[in-house]
Amino acid sequence: MVIKSEVIRLYKPQGIYVAMVTPFDEAGEVDEKALRNMVEFYVQAGVDGVFSAGSSGEFIHLGPRGCVEANRIVADQVRGRIEVLAGASASRPRDCVAIAQRAKEDGCQAAVICPPPYYRLSQDMIRYHYELIAEQVNFPLVLYNIPMFTNPISPEIIGKLSRLPNIVGLKDSSGSMVDFMAAIDAVQRNDGDLQFLTGREENLFASLIVGGAGCIGGGAAVVPEAMVAIYRAYQMGNHERLRCLQLSIVQLVRIMMSLPFPVGFKVGLELRGMPAGELQQPLSPEAEAEIEKVRPQIQALIREVLHTATCACGNRCA
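Residues numbered from 1 in each chain as written. Predicted model: local features only at pLDDT ≥ 70, side-chain atom pairs only at ≥ 80, totals over all residues. Heavy atoms only, no water.

A few words on the overall build of the protein chain. Scanning the protein chain from terminus to terminus reveals 12 helices and eight strands. Taking 2.2 N^0.38 as the reference for a compact globule, 318 residues should give roughly 20 Å; the C-alpha atoms of the protein chain span a radius of gyration of 19 Å, in line with that estimate. Projected onto its principal axes, the C-alpha positions of the protein chain cover 55 × 50 × 35 Å. Per-residue burial over the protein chain gives 57% buried out of 318 residues. Sequence separation of 24 or more characterises 77% of the internal contacts of the protein chain that already satisfy a separation of 6 or more. By element, 51% of the accessible surface of the protein chain is carried by carbon and sulfur atoms, the whole surface being about 13600 Å². For the protein chain, the separation between the mean place of its 30 positive charges and that of its 35 negative charges on side chains is 3 Å. (Helix = DSSP H or I, 4+ residues; strand = E, 2+ residues; numbered from the N terminus. Rg over C-alpha atoms; globule rule 2.2 N^0.38 Å. Buried < 20%, exposed > 50% of the residue type's maximum accessible area, 1.4 Å probe, protein only. Contact = heavy atoms within 4.5 Å. Areas by Shrake-Rupley, 256 points an atom, 1.4 Å probe, with all protein chains shown as cover. Lys, Arg positive; Asp, Glu negative; His and termini not counted. Charge placed at Lys NZ, Arg CZ, Asp CG, Glu CD.)

Spelled out as structure tokens, the structure:
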């Protein structure tokens, strides 16, 4: 495989990235004003970057055209102040290539791509899917392992793909530290080069300790201040505060994830004063009732998490 330039190797995703939700208007189109407001919130919260048009961003409802539009708006609003990881997932490699190319032109730092959804594919087909994309796009690519929604990427395939010069990272949303460690081991055995970022906020502490580079998560969309605080505590070597901060977010993320995905994160954002607009997957009356039931819990937990993140006591707060 021939890659036009190895300059792309210089980019290494690291730190806290928000897996953004996509606000929709009544016509089902991207609500540009609301999306730009969200970007400003995250810039001010001190995150390292944002990830647009991913799973939390409902790329499956956006389609290729909508992904391009969401990525463009986010990059335009960021204006180089933080990094932008562009969602470029689609069932066909050519659509992934087209989205990634536009993301490059719009000034994003990398494209994040999960395996093709819906159809079951062999691991060799998944490998070939990524190879086809990498061969056609001179742009940093981040593998996205999210087995809860699509075909998983095995550690062996991650190891092989890590040798490609423009595959620079892995967002692992398996939630399994066993899988996370297996991926690290596979990359090392293949003499690859990859940044490992967890897609689950609950195991950020653990992933950092074993060599992870950060997190790309939906929980950061609601409490970015807490995620930044966790990462800064790690950088400072304050493991006692790090443990306290990590534990503070577990219940909040669990409750938000218990709702139909990604509604929990949209509810959290609404409670923080940023409505995410119309839902693209209509909710049943039962689901609506469940949301109303847990809404006060989410609100209370958000307050607790933010209190812990901003507390100056150094460790645990009552």
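Moving on, we come to the packing of aromatic side chains. This model, assessed by the stated rule, comprises seven aromatic pairs. Geometrically, the ring pair formed by Tyr118 and Tyr119 is edge-to-face, given 5.0 Å between the ring centres and 85° between the ring planes. Each member of the pair, Tyr118 as well as Tyr119, carries the same accessibility label: exposed. An angle of 35° between the planes, with centres 6.4 Å apart, marks the rings of Tyr231 and Tyr234 as tilted. Remark: Tyr234 and Tyr231 occur in helix H9 (residues 224–236); sequence separation between them is three residues, near one turn of the helix. (Phe/Tyr/Trp six-rings, centres within 6.5 Å; stacked < 30°, edge-to-face > 60°.)

Let's shift gears to helix H3 (residues 93–105). Taking 1.5 Å per residue as the helical rise, H3 with its 13 residues ought to reach 18 Å, and the 18 Å between its terminal C-alpha atoms agrees with that figure. Among the residues making up H3, those that are buried are Asp95, Cys96, Val97, Ile99, Ala100 and Ala103. Its buried side turned inward, H3 meets helix H2 (59–78), strand S3 (83–87), strand S4 (110–113) and helix H4 (123–136). Phi turns positive one or two residues past the end of H3, at Gly107, with a value near 95°. (Expected span 1.5 Å × (residues − 1).)

Another aspect to go through is the pattern of salt bridges. Applying the stated criterion across every chain yields a total of 17 salt bridges. Across the pair Glu58 and Lys266 runs a salt bridge whose closest N-O atoms are separated by 2.8 Å. Here the residue Glu58 occupies a position in the loop between strand S2 (49–52) and H2, and Lys266 occupies one in helix H11 (residues 263–271), the gap between them amounting to 208 residues. Of the two residues, Glu58 and Lys266, neither departs from the other in class, the shared state being buried. In this structure, Glu105 and Arg102 form a salt bridge, with 3.8 Å as the shortest nitrogen-oxygen distance. (Salt bridge = Lys/Arg side-chain N within 4 Å of Asp/Glu carboxyl O.)

The next thing to look at is the packing of H3 against H4. In the contact formed by H3 and H4, the axes pass within 9 Å of each other and the chain directions differ by 35°. Here the hand of the crossing between H3 and H4 comes out right-handed. The segment H3 lies against H4, with Pro93, Cys96, Val97 and Gln101 engaging His129, Leu132, Ile133 and Gln136. Looking at side-chain class alone, the contact of H3 with H4 contains five nonpolar, three polar and no charged residues. (Axes fitted to C-alpha atoms, helices over the stretch in contact; angles between N-to-C directions. Left-handed = near helix turned anticlockwise from the far one by under 90°. Nonpolar A, V, L, I, M, F, W, Y, C, P; charged D, E, K, R; others polar.)

Extensive coverage of strand S5 (residues 141–145) is indicated by the burial of five of its five residues. Bridge analysis of S4 against S5 gives three bridges, and the strand direction is parallel. Bridge pairing links Ala111 to Leu141 in S5. The parallel pair S4 and S5, bridged by H4, forms a crossover whose chirality is right-handed. Looking at chain direction, S5 and strand S6 (residues 167–172) are connected through five bridges and run parallel. Looking across to S6, one finds that Tyr144 is bridged to Lys171. On the question of chirality, the crossover connecting S5 to the parallel S6 by way of helix H5 (residues 155–161) is right-handed. (Pairing = 2+ DSSP bridges. Right-handed = clockwise from strand over helix to strand, strands pointing away.)

Our focus in this paragraph is the pairing of S6. With respect to burial, S6 is a largely interior element, six of its six residues being buried. Bridging between S6 and strand S7 (residues 195–198) involves four bridges; their strand directions are parallel. The residue bridging Lys171 from the neighbouring strand is Leu197, located in S7. Traced from S6 through helix H6 (residues 177–189) to S7, the parallel crossover comes out right-handed.

The tendency in soluble globular proteins is for nonpolar side chains to be buried side by side. If you look at the biggest cluster of nonpolar residues, it comprises 111 residues, and the most contacted ones within it are Met20, Tyr42, Val50 and Ile298. Apart from residues no more than four positions distant in its own chain, Val50 is found in contact with Tyr17, Val18, Met20, Tyr42, Val74, Val78, Ile82, Glu83, Val84 and Leu85. (Core = buried A, V, L, I, M, F, W, Y, C linked by side-chain atoms within 4.5 Å.)

Moving on to the environment of Gln188. Among the structural elements, Gln188 can be located in helix H6. Taking the C-alpha atoms as reference points, Gln188 and Ala134, separated by 54 residues in sequence, lie 20 Å from one another.

Let us now look at the sheet that holds S4. Read around the closed barrel, eight strands run S1-S2-S3-S4-S5-S6-S7-S8, paired in parallel fashion. Each adjacent strand pair in this sheet contributes to an overall mean axis angle of 25°, direction not counted.

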